[in-house]
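Okay, here's what each chain looks like letter by letter:
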Amino acid sequence: MINGMTSLHYIILQTTYAIQGDRTINGIIHILRGKRSAQTIQDISLFQLEQSAAILKNEPKKYVDAKANELLENGWIVENSDRGVNLSTVGNMAREKLLEKYNIPDTYHGLKYEWNHSSYYFWEQLSLLVQTISYLKDKQSAFIPVSYDRIAQNKVKQLLQKYHDIDYIGDQVYQEIERVLSNKTEKEATLFVNRLTSNFRTGRTFDQLSSIYYGDRLYTSIVFRSTLHDMIAKANEDRKNNPILSYFQIDRDGTFTITQTSTVTKKLFEEGYSLDEIAKRRNLKHSTIEDHVIELAIHDPNFNFDSFITGEQLQEIEKEMKRLNTRKLKPIKDEFGDKYTYFQIRLAISSYKGEWSQ
Amino acid sequence: MNNVLQILKKDFGFDQFREGQLEIIQSILSGRDVLAVLPTGSGKTLCYHLPAKIFGGLTVIVSPLVSLMEDQVTQIRANGDKAVAHISSLISPNERKEILKNIQSYHMIFLSPEMLALPFIKQKLISQQVSLFVVDEAHCISQWGHEFRTDYLRLNDVRRELGGPPCMALTATATPEVEQDIRRYLEMQNESVYRAPVNRSNIYMAMETVKTPREKDAFFLDVMKKINHPTVVYTGTRKGTVYYANLLQKEGFLHVAFYHGGMTKEDRLLIQQQFIRDEVDVICCTNAFGMGINKPNIRSVIHLNLPSSIEQYVQEIGRAGRDQEQSLALLINSEEDRFLPISFIENEFPNETWLDHMLSGERIDGLAVEEVRQLYQIDETQWKMLMFYLEKENVIKKGYFDFKGRTNTVLAKIKKHFTRRQNDKITQLNRMNNLLHSKECIRNNISYYFGDDVQNYSEMTWCCSACQEFDSYVQERKGLRKGEAIKTQIESNSHQESWRDRLQSMLLRRNGDKNSE
Ligand SMILES: Nc1ncnc2c1ncn2[C@@H]1O[C@H](COP(=O)(O)OP(=O)(O)O)[C@@H](O)[C@H]1O
Ligand SMILES: [Zn+2]
C-alpha cells in the first residue's frame, strides 16, 4: 500500500503519532480540518500541533474520513479501548518512510496563517495586485479579476493610488517577491509563480501543478502555502523593505483562535454573571459554557480563571498528570475522586504548558 | 430605433443588438411590462441598462444571486458606468449607509430581495423617482420553479409602493407554468413576452444509448477524437469530472481540466478563465459550471449523465455555438445508469435523520448558526437550503437560533416541504427520460414541451439524431474540423521559461516591450 500513500495519509499518521492514543480519529480530523470548537483549540496547544492545525481545511470532510478509514482498515492505525488511536508498528514504519517525501516545510505554520485564513487573504490581495499590474502595463483596465473580494480590491486600489507609477510599483513588487523566492528551491519558486495570473496566462490550479510533487494536489498546496507563510513572516519582520507585502490586510477576524460564542460568554462572565446564569441567559447547556471557559483559558491571555481553580490546586493536578503521564481526564479524575470536578481538571490540563515525557 | 442603436454604439461599444434585445428594449420603452426568457450570457443586463439610461431616474434591479450580482456590478463599473451600486449582505452597513445617502447619484441599484424588504431601504427608494423595476431570476417567484423564494412573492407590493413603474422580469428557464406564475404574481399589464427560441438551429442534438458504463467510456473517447472543440462535458458527479478528465489525459488530450462545486472558489475561477481564454479546450464538469459564463466558441456540449429536467438540458446545450457556428449537443446514456439520477435527487435534500437530530428537542436552540454549521459539517448547498427555510420560519435572530419552543412545528413543516419538492423533481426527471426514449424528432419534442410553435424541422441539414444519424453527422463534419483554438505554445514556452523570467514579464515589462508570448 505504501506506494499509494498520499500526503493526506501521511498527515493523519503523523498527527496520530503526536497524540499517542489520547484522542479518537475524529478528534484528530477536527484538529486537521480546523474545526472551531473549544476541544480542538485545546488539543492544538496541548499536543503542540500548531504547525498542522487546519492544514486540511480545504479538504472535504468525506474525503478526509475516507482516507482515515483506509488507514484503520489496513491496520496502520489501531483503536484502543477508549477509541483513542495509536500507530501500529507498520503504521509507524510507513510514517517514517513518508517523512521525507511529504516533509512539511519549516516555514509552514497552520495556526498562525491557516486557522484564521490570513494566508488566503494575503494571497488574494497579492495575486490580484500582480494581475492588475500586468494588465495595466498593457493599458488594459477591464479584465476579470482573480478575486472579487472587496477588501482585496480596495487594497489594490489604494496601492495603485499611493504609488501612481505602475512601473515603479511593478519593480517594487518584483523585488519583494523575488527576495523570498530566491531562497526557495527551484521547484518551490516555480510553483509559486505558476499560480499567478497575468494578462497573457491564467494561473494554474494546484491540481494542474501537482506533477511537480508526485501528482499530490494537497502536498502541492502545502508547499505553496509554506512559501506564502514565509513571505508574510518576512514582510512583517522587515516592513521597511517590504512596503507592499506588509501593506496587505490579513488579520480580518481579529483574535483568531477564539470563537465568537466564547467571546459572548467572556463578556457576560466579566460583567459578573456566574456560569449557571450565563447558561440560562444564553439558553445553552452548562457544559457548553464550560467549553467556552476552557477555550478562553487556553487562548485568551487576559482571561482570569482564578475563581474556578487556585494556583495550588493547579499544581496538584499537574503533578498527578505528570506522574500518570496522561492527558486523559478519566484516570486523573479517578485519582482524585471527588476532590476536583471534571471541569477543574480540564482547566488544569488545558492550561498546562510544561513538557511531557514521551 | 436609430436613437437606441446610437446609444448602443456610443455608450456600450457594440455594433448591433443580440437576438431579442431590441424587441425587449422597445417594449419597455413604450411603457409595457416585459417578461423575457433568455439564456445566460445572451445579454440580459443590456436589456435594462440601456433603458435605464434613457428613462433617467432610478432603475431598481432585484436579484437573489448575491455574488453574481456583485460580479455584475463590478463588470458594469469596470466598463465605465460608475453610477451603479448593489445593496446586499456582501456589503458592510457603512457602505450601505453611504450608498443610501447618495442614492440620487445612482441610476441603477441592485438589491437582494431581503434588502428590499427592509423598511428604511424601501422608504429611501420610495423617495426617489423609480422609473424601471427589474426582477432578475424571475422564476424564483413560482413554486414550480426550481428555486422558489417566498420573498419574491412580496415584490409586487413593493413595486406598487414605488409608484408602479414598468416591470421587466427576466429568467433563463421557464416552463409555461412558471411563466404564468411570473405574470400573475407581478400583476403584469399589457405585457409583452419575449422568449428566446429554445430551438437553436445551429446545434445538432444527438442522444445515443449504449449498454454498459464501459461502452459509454469507449464511445465517448472515440467521439472526442472526431468532433470539434472547445467542449464542455457534463459528467453528473464530482468524481466523474476527475475521472473523465484523467481518462482524456491518458488518451493524449493535453488541455483538459475538471470543474466542480467542491473546488475552492479560486480554482473554479482559474479554470473558468483558462477555458474562456482558450488555454484549456475540454472541461469536464458538473452543472455547477456555466452560470454566467459567456464563451462564444464552444463547439460541443456532451452529457454523460441525464440532466435533471428538460429545462436544464436545454439550458446546458444552449451554451454551445453562441457564435452561431454549427455545434453539437450529444447525450450519451448507458442503460445501466438509469437509476443514478433518482438517488441523486434523494441525496440533494437534507437527510431526514440529521434533520431529526438537529431540529428535535432543544438541541440547537440558542446556539450560533456558525457553530451548528461546524458541528454538523453539512454539504454546503443543503445547508444553504435549510438555512433558507429556517430564516423563512423566523427562527434565526442575529446569527443565533431562537426557536421559541416551535422546533417541532418547524421540523414538520420543513420535512413536508422537502418531500414535495423531491416529488416535483422526480416528475421533471421523468419528462427528461421520456425525451430520451422517444423515437421522434428531439427538436420537435422540445418545442412542443415549451409551447413554442412546432415547425417542420425535416428541412434542416442537421437537426437531431432522430432525423439524421449521429454517425453521419460525425463523418461528414470530420473534414471540417477547424484548427484547435488552443494556444499550445503557452504550455511549451512555460516549460523553458524560468520562474524569474516569467515573474519579470509580469511585473517588469516596460511599455514597448513585447509580451512574452
Ligand atoms: N449587443 C451586444 N453585442 C455584443 N456583446 C453584448 C451585447 N449585449 C451584451 N453583450 C455582452 O454579452 C455578455 C453577457 O451579457 P450579460 O448581460 O452578462 O448576460 P446574461 O444574459 O447572462 O445576464 C456581456 O459580456 C455583454 O457585454
Ligand atoms: Zn429532428
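Let me begin by describing the structure that accompanies this report.

## A closer look at the pairing of strand β6 (residues 167-171) of chain B
Residue and element names in this part refer to chain B.
At step 1: β6 sits mainly inside the fold: five of its five residues count as buried.
At step 2: Burial along β6 is two-sided: the residues Cys167, Ala169 and Thr171 and Met168 and Leu170 are all buried.
At step 3: Here strand β1 (residues 34-37) runs beside β6; their pairing, made up of four bridges, is parallel. Its bridge partner being in β6, Leu35 is matched across the sheet by Ala169.

## A look at the interface of chain A and chain B
Interfaces are often sized by the amount of accessible area the parts lose when they come together.
At step 1: In this assembly, 57 residues from chain A lie in contact with 49 residues from chain B.
At step 2: Here chain A packs against chain B, burying approximately 4900 Å² in sum over the two surfaces, 51% of which is carbon and sulfur.
At step 3: A per-residue breakdown of the area chain A buries against chain B is headed by Tyr148, Tyr174 and Phe200 of chain A, which together make up 17% of the total.
At step 4: The tally of links from chain A across to chain B stands at seven salt bridges.
At step 5: The shortest N-O distance in the salt bridge between Asp167 of chain A and Arg510 of chain B comes to 3.6 Å.
At step 6: For the interface between chain A and chain B, the tally reads 20 residue pairs in polar contact (both at pLDDT 80 or more).
At step 7: Elements supplying a minimum of two residues to the side of chain A that touches chain B: α7 (118-137), α8 (150-163), α9 (166-181), α10 (186-195), α11 (206-209), α13 (260-270) and α15 (286-299) of chain A.
At step 8: Per-element accounting of the side of chain A that touches chain B gives the leading share, eight residues, to α9 of chain A.

## Regarding the coordination of the zinc ion (ligand 2)
When a metal carries six donors in an octahedron, the ideal angles between them are 90 or 180 degrees, while four donors in a tetrahedron ideally lie at 109.5 degrees.
Residues and elements named next belong to chain B.
At step 1: In the first shell of the zinc ion (ligand 2), the protein supplies Cys441 (SG), Cys463 (SG), Cys464 (SG) and Cys467 (SG), at 2.2 to 2.4 Å from the metal.
At step 2: Motif for the zinc ion (ligand 2), donor spacing along one chain: C-x21-C-C-x2-C. Of the two residues, Cys441 sits in the loop between α18 (407-437) and α19 (442-449) while Cys464 sits in the loop between α19 and α20 (470-478), which places them 23 residues apart along the sequence. For the pair Cys441 and Cys464, one class covers both residues: buried.

## Overview of the site of ligand 1
Residues and elements named next belong to chain B.
At step 1: Around ligand 1, the structure places 13 residues, and the nearest of them are Gln16, Gln21, Gly41, Lys44 and Thr45.
At step 2: At 3.2 Å, a side-chain N or O of Arg18 approaches an oxygen atom of ligand 1.
At step 3: For ligand 1, an oxygen atom lies 2.6 Å from a polar atom in the side chain of Thr45.
At step 4: Against a free-state accessible area of 570 Å², the protein chains account for coverage of 71% of ligand 1.
At step 5: Partitioned by chemical class, the residues of the shell around ligand 1 number three nonpolar, eight polar and two charged.

## Overview of the nonpolar core
At step 1: In terms of nonpolar packing, the biggest core is built from 205 residues, with Tyr313 and Leu390 of chain B touching the most fellow members.
At step 2: At ten residues, the largest contribution of residues to this core is made by helix α12 (residues 217-237) of chain A.
At step 3: Once residues lying within four places of it in the same chain are set aside, the contact partners of Tyr313 of chain B are Met205, Met207, His303, Pro307, Ala329, Leu331, Met432, Leu435 and Ile446 of chain B.
At step 4: Counting 35 residues, the second-largest nonpolar core is a separate cluster that includes Val130, Val158, Ile182 and Leu186 of chain B.

## Comments concerning the sheet that holds strand β3 (residues 84-87) of chain B
Residue and element names in this part refer to chain B.
At step 1: Pairing in this open sheet of seven strands is parallel, and the strands run β3-β4-β2-β5-β6-β1-β7 from one edge to the other. The open sheet has two edge strands with one neighbour each: β3 and β7 (192-195). In this sheet, adjacent strand axes meet at a mean angle of 15° when their direction is disregarded.
At step 2: By the bridge criterion, three bridges tie strand β5 (residues 130-135) to β6 in an arrangement that is parallel. Across the sheet, the residue bridging to Val134 is Met168, located in β6.

## Re the environment of Ser134 of chain A
At step 1: Along the polypeptide, Ser134 of chain A turns up in helix α7.
At step 2: Judged by relative accessible area, which is 0%, Ser134 of chain A ranks as buried.
At step 3: Sequence-wise, Ser134 of chain A and Ile294 of chain A are 160 residues apart; in three dimensions their C-alpha atoms are separated by 49 Å.
At step 4: Leave out the neighbours within four places in its chain, and Ser134 of chain A touches Ser198 and Asn199 of chain A together with Met506 and Arg509 of chain B.

## A look at the sheet that holds strand β8 (residues 203-210) of chain B
All names here are of chain B.
At step 1: Pairing within the open sheet is parallel, and its six strands lie in the order β8-β13-β12-β9-β11-β10. Strands at the two margins of the open sheet, each flanked by one partner only, are β8 and β10 (256-259). Ignoring which end each strand starts from, the neighbouring axes of this sheet average 15° apart.
At step 2: Strand direction decides the pairing type here: β10 and strand β11 (residues 282-285), joined by four bridges, are parallel. What sits directly across from Phe258, in β11, is Cys284.
At step 3: The strands touched by α18 are β8 and β13 (327-334); relative to β13, the strand with the most contacts, the crossing angle is about 105°.

## Considerations on the packing of aromatic side chains
At step 1: One pass over the structure, following the stated rule, counts 27 aromatic pairs over all chains.
At step 2: Judged by centre distance (5.4 Å) and plane angle (80°), the rings of Phe308 of chain A and Phe343 of chain A are edge-to-face. In this pair, Phe308 of chain A is assigned in the loop between α15 and α16 (311-324) and Phe343 of chain A in helix α18 (residues 342-351), connecting sequence segments 35 residues apart. An identical accessibility class is assigned to Phe308 of chain A and Phe343 of chain A; each is buried.
At step 3: One aromatic cluster in this structure is built from Tyr10, Tyr102, Tyr213, Tyr214 and Tyr219 of chain A.
At step 4: Here the guanidinium or amino end of Lys53 of chain B rests over the ring plane of Phe12 of chain B, the centre of that ring lying 5.5 Å away.

Cut-offs applied
Residues numbered from 1 in each chain as written. Chains lettered and ligands numbered in written order. Predicted model: local features only at pLDDT ≥ 70, side-chain atom pairs only at ≥ 80, totals over all residues. Heavy atoms only, no water. Buried < 20%, exposed > 50% of the residue type's maximum accessible area, 1.4 Å probe, protein only. Helix = DSSP H or I, 4+ residues; strand = E, 2+ residues; numbered from the N terminus. Pairing = 2+ DSSP bridges. Contact = heavy atoms within 4.5 Å. Buried area = accessible area lost by both parts, 1.4 Å probe. Salt bridge = Lys/Arg side-chain N within 4 Å of Asp/Glu carboxyl O. Polar contact = N/O pair within 3.5 Å; in protein donor to acceptor, adjacent residues only side chain to side chain. Donors = N, O, S within 2.8 Å, 3.2 Å for Na, K, Ca; no water. Near = heavy atom within 4 Å. Areas by Shrake-Rupley, 256 points an atom, 1.4 Å probe, with all protein chains shown as cover. Nonpolar A, V, L, I, M, F, W, Y, C, P; charged D, E, K, R; others polar. Core = buried A, V, L, I, M, F, W, Y, C linked by side-chain atoms within 4.5 Å. Axes fitted to C-alpha atoms, helices over the stretch in contact; angles between N-to-C directions. Phe/Tyr/Trp six-rings, centres within 6.5 Å; stacked < 30°, edge-to-face > 60°. Lys NZ or Arg CZ within 6 Å of the ring centre and 35° of its normal.

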